Amino acid sequence: MPASNYDQACLQDLLPLYYKRLFPFAQYYRWLNYGGVQKNYFQNREFSFTLKDDIYVRYQSFSTQGELEKEMQKMNPYKIDIGAIYSHRPNQHNTVKSGTFQALEKELVFDIDMTDYDDVRSCCSAADICSKCWTLMTIAIRILDRALREDFGFQHLLWVYSGRRGVHCWVCDEAARKLSVAARSAVAEYLSLVKGGEQTVKKVVLSDPIHPFIRESLTVVDHYFTQYALQDQDILGRKESVDKVLALVPEDVRKDLQQDFKNEKKPETRWKLIEDQAIRKQSTAKKGQHFEKEIMLQYCYPRLDVNVSKGVNHLLKSPFSVHPKTGRISVPMDIKELDTFDPFAVPTISLICEELDRPRTGEEDEKSEDIKDKENEKDGAERRKIRDFKKTSLGKYVKYFDRFLDGMARSWKGDLLRKSDLQKEF
Amino acid sequence: MLTTDVHFLSRHVIVLPAFVEQPTLFGGLEPRRRCCYSLTGAMQFSGRRRKINANPQTELYGHALQFYGQPPLENISLSEFETFAVDRLKLLKTIENLGVSYVKLSEQYSKKLEAEFKTLSFPYRPEADDRKTQTGPSELEKRRKDHISHFILRLAYCQTEDLRRWFIQQEVDLFRYRFNNLPPKQKLEFLHRNNLQYDTINVEEKKSLLDKLVNSSYAVSGITVEDQDFYKVPFQDALDLVRTRKVYLKAGYVYIPHQDIVTIVLNDFRTRLSKALALTARSLPAVHSDERLQPLLNHLGHAYVGQDYSIQKNVGKISLEQIDSLSGKSFPLCMRQLHQSLRENHHLRHGGRMQYGLFLKGIGLSLEQALQFWRSEFIRGKVDADKFDKAYAYSIRHMFGKEGKRTDYTPYSCMKVILSNAPSQGDHHGCPFRHNDPELLKQKLQLYKVSPSGISQILELVKGMHYQLACQKYFELTHNIEDASFSLNHPNQYFIESQKVLGGGKDIKREMDTSQRSQENGVTKGFVSARETPANASQDLAEMTEDLDSFFQDA
């Protein structure tokens, strides 16, 4: 779907429209309120806004959904970040005795940024992305999603496209929100396999035994490796790429392969040669024998910024925020459709504003759906709002977000019942 | 020297509220009690009081190892108070140094640590059997000293995040060593005494998970799985094992063989101590009102930090033009690397800016100079003047304490550079001896014209994980001297020593001597008279760093 031409200069005019008629405040509040199970959870949440001219304001907080709406419509932030739930209302933090204002809880978050892969992708660099390297995000999501669910037992994961060159994950389980700094850092370390900066050539080193987590991750990488690395990125094609790959194998093996590669030019076959060498080494050596796996992981395994995940008070870009450079909305991603997700098809703010005036086909069916709408606190303005994003390409993402919230709501219900039982309220 | 008895009990009352809420060793969480600032209140507190024993010492100190759950309940003299505290501080500092130079629990580490135990009269034997022929304090007396000194240091080290972190780290290492030394039977007893109860998995589950369990840990074989009990522990209680992926993790639970339960115990110890320190800090004002104790506690709190180079002594003595040549002559390798990357790429990421920026502040760059320095370099790259002023200038001013909480940041010590904030893709910070690929390190040293024999000496030290010694060797080789005659633990120290060797002048030497003298006095000579305490530079430093880290994400 072609996005309307987006120009950063238009942002000033589009944002008011976006916040007035499209931003899904009801769903947003439903999320951050977490069923009202804990008192003041929404009220003590920190938001930060980046306003026009790069003015940055922290410690924003709101008492109700209405207040949030009003303020956002007044300030028209270019960027919105979500922070932690504090011990007191963030916007009153200056009145609190120093030392007692503390970040208490927050979702466990992960930030995967394409620039962290610059040393292993040849198609783009820095802020650019393309369909070839986007596979890296797909792989990252599959690996992390599986691990967070199966290994750590988390259930409510929200994956969000950042709007330009990466994805974020918000783990919303209660247990996740209550994790300490040490625990968050431990989770992030468990999930980290690629280590080292500019000064490290070999960033993945495996030793026996190979942990089940690594095996599971390799299975995922394996699924995508041929298409992504051997074909799209052509890592065994051009000489510099080949040299880089061979720098990761032990010296004796390297010499053999360099020799073999003189006669064998096909990437798939070259890879088979590497694999064969590895198998041979695994039956004899005790060290440095898993190099074929190490190559796969160095080129494909997710690279997390541990610092983002560690801090309870770390601020992260909010879902449904607009990315000022690209105009794209930070939309939640439906993992069931992960393999067909196209970052270039994500609607921009200009597109959806334009769509507001242009009715989409199929609106007839949607009108009748509204009548059947079970939501009972909606007044006329609200109903109009529902219709508004349903009119636009944003609709399907809000719908998905709703389903995500429904999943969580089931657990809130249980929590509320338990709480009221304890308090003997009926 | 004052010899008045200190009513430790009355001191104890003050810290009493701190321990009211501690989960005790002997049966779960204590119900909350109101804090009472009276002697009788203290006695009323423990609802489950043990009968007064004929030999209270054996009762209290019958076990070699404890969680320090109960504070001491006795009077001690002021001199004992002081000696105990200083001795324990020395012990903890030894533990810190050994931990950096040797692999923990290796033979060398254990030998040296045991020697220190003996010198300082701290307990190290699992059994308290005293042979009559022994001279010096008995094992029970040593345990008493251990107990009391721990609680005294809590008072000194609970005050800031940085101090707490340091104290907890060393106490955990100490605990780990002692727990490891317990014979297996005593280890089990310790677990039971301390109510660490986790569920074990049944035989069927063990069978079905056999492959996964064996493949999760180097130490677990098929036989281990068959023979030992496996415990199902929530992952939050076994973070060290999770972090290093040394255990099987499923649906939020780790599966630990009995043999590995020590990590759990350590975690428990760390958590309890951390909570206790937070509570102690709240009760501190009352303790500080006692003039006999306050100066000593302050000194204890500052002594470990050593010189932190936070107070700028040479502001403005360095000009920006000198930096390039200084980087080759007097910068430690980490800063030389950062400087070079900055010149080459006209940019450094956040971690690098912090490490290098604070170092420059430490060698005497003023805020104005720093701003000019970074600005002129960044402008050569992709950042225009406007963007620099908006995005980067703030963080530099922050470093100098001119923004936000207005805390003056302290330059990173070697320990900090080596142990925290490891570099990742795109980073050039960290300690090259620790974080660089040995091959690349070798090339770099060759580039900097270090002799081949020197390089191999350095690489040997790196292999043995003696990173600071490696840097010292680098110092010796680049300055053409036999022996560095100092023990390297801070990049700014490297710079000052280098300037000394290159004829930097008497001013620097004088400054080093006075600061060293005051540091030593604080530790060994004990409290003599009121002394001007250095600015409390590290208040909530770690918290601030976290704040700042979250605030600035690289564009």
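Criteria and cut-off values
Residues numbered from 1 in each chain as written. Chains lettered and ligands numbered in written order. Predicted model: local features only at pLDDT ≥ 70, side-chain atom pairs only at ≥ 80, totals over all residues. Heavy atoms only, no water. UniProt positions renumbered as here; feature names shortened; annotations may be inferred. Helix = DSSP H or I, 4+ residues; strand = E, 2+ residues; numbered from the N terminus. Buried < 20%, exposed > 50% of the residue type's maximum accessible area, 1.4 Å probe, protein only. Contact = heavy atoms within 4.5 Å. Areas by Shrake-Rupley, 256 points an atom, 1.4 Å probe, with all protein chains shown as cover. Expected span 1.5 Å × (residues − 1). Core = buried A, V, L, I, M, F, W, Y, C linked by side-chain atoms within 4.5 Å. Domains from an automatic or database assignment. Pairing = 2+ DSSP bridges. Salt bridge = Lys/Arg side-chain N within 4 Å of Asp/Glu carboxyl O. Buried area = accessible area lost by both parts, 1.4 Å probe.

- The name given to chain A in an unreviewed UniProt entry is DNA primase, and the organism recorded there is Larimichthys crocea.
- Per UniProt, the comment on chain A under Sequence similarities (unreviewed entry) is "Belongs to the eukaryotic-type primase small subunit family."

1. Thoughts on the overall build of chain A
- Looking only at helices and strands, one finds 16 helices and eight strands in chain A.
- Put simply, chain A has 426 residues, and 57% of those count as buried.
- Of all intrachain contacts in chain A linking residues separated by at least 6 positions in sequence, the fraction that spans at least 24 positions is 71%.
- Entry remark: accessible area of chain A is about 19000 Å², with carbon and sulfur atoms responsible for 49%.

2. Some thoughts on helix H24 (residues 467–479) of chain B
Residue and element names in this part refer to chain B.
- Relative to the 18 Å expected for 13 residues at 1.5 Å per residue, H24 spans 18 Å between its end C-alpha atoms, a close match to the ideal helical length.
- Counting buried positions over the 13 residues of H24 gives ten, a clear majority of the element.
- Buried within H24 we find Tyr-467, Gln-468, Ala-470, Cys-471, Gln-472, Lys-473, Tyr-474, Phe-475, Glu-476 and His-479.
- Looking one or two residues past H24, Asn-480 carries a phi angle of roughly 60 degrees, positive in sign.

3. Points about the nonpolar core
- Grouped together as the largest cluster of nonpolar side chains are 193 residues, with contacts concentrated most on Tyr-18, Trp-31 and Leu-191 of chain A.
- Each of two domains, domain 1 (8–189 + 304–362 + 369–423) and domain 2 (197–300) of chain A, supplies a minimum of three residues to this core.
- Leave out the neighbours within four places in its chain, and Tyr-18 of chain A touches Phe-23, Phe-320, Val-322, Ile-329, Ile-349, Ile-352 and Leu-394 of chain A.
- Membership of the second largest hydrophobic core comes to 54 residues, among which are Leu-342, Phe-359, Leu-365 and Cys-414 of chain B.

4. Some points on the pairing of strand E7 (residues 166–171) of chain A
Residues and elements named next belong to chain A.
- Most of E7 sits inside the fold, with six of its six residues counted as buried.
- Residues of E7 alternate between two faces, with Gly-166, His-168 and Trp-170 on one and Val-167, Cys-169 and Val-171 on the opposite face, all of them buried.
- The sheet contact formed by strand E5 (residues 108–113) and E7 spans six bridges and is antiparallel. Residue Phe-110 lies in a different strand from E7, and its bridge partner there is Cys-169.
- Relative to E7, strand E6 (residues 157–161) is paired through five bridges, and the arrangement is antiparallel. Within the sheet, the bridge partner assigned to Trp-159 lies in E7 and is Cys-169.
- Between E6 and the antiparallel strand that follows it, E7, lie four residues; Gly-163 among them carries a positive phi value of about 105 degrees.

5. A look at the pattern of salt bridges
Residues and elements named next belong to chain B.
- On inspection of all chains with the given rule, the structure shows 47 salt bridges over all chains.
- Two residues, Glu-497 and Lys-500, come together in a salt bridge whose shortest N-O distance is 3.4 Å. Note that Glu-497 and Lys-500 are positioned in helix H25 (residues 491–501) at a spacing of three residues, about one turn of the helix.
- Take Lys-500: its relative accessible area is 28%, and that puts it in the partly exposed class.
- Overlapping salt bridges bring together Arg-88, Asp-146, Glu-171 and Arg-178 as one network.

6. Here we look at the environment of Asn-181 of chain B
- Take Asn-181 of chain B: it is sitting in helix H7 (residues 161–181).
- Taking the C-alpha atoms as reference, Asn-181 of chain B lies 8.5 Å from Tyr-124 of chain B; in sequence the two are 57 residues apart.

7. Brief notes about the environment of Arg-89 of chain A
- Among the secondary structure elements, Arg-89 of chain A is positioned in the loop between strand E3 (79–86) and strand E4 (103–105).
- Accessibility expressed as a relative area gives 26% for Arg-89 of chain A, which makes it partly exposed.

8. Side note on the interface of chain B and chain A
- With 40 residues of chain B in contact, the opposing surface of chain A contributes 45 residues.
- Where chain B abuts chain A, roughly 3400 Å² becomes buried across the two surfaces, and 52% of that area is made up of carbon and sulfur atoms.
- When the buried area of chain B at its contact with chain A is split by residue, Arg-243, Arg-245 and Gln-425 of chain B rank highest and sum to 23% of it.
- On the surface where chain B and chain A come into contact, there are two salt bridges.

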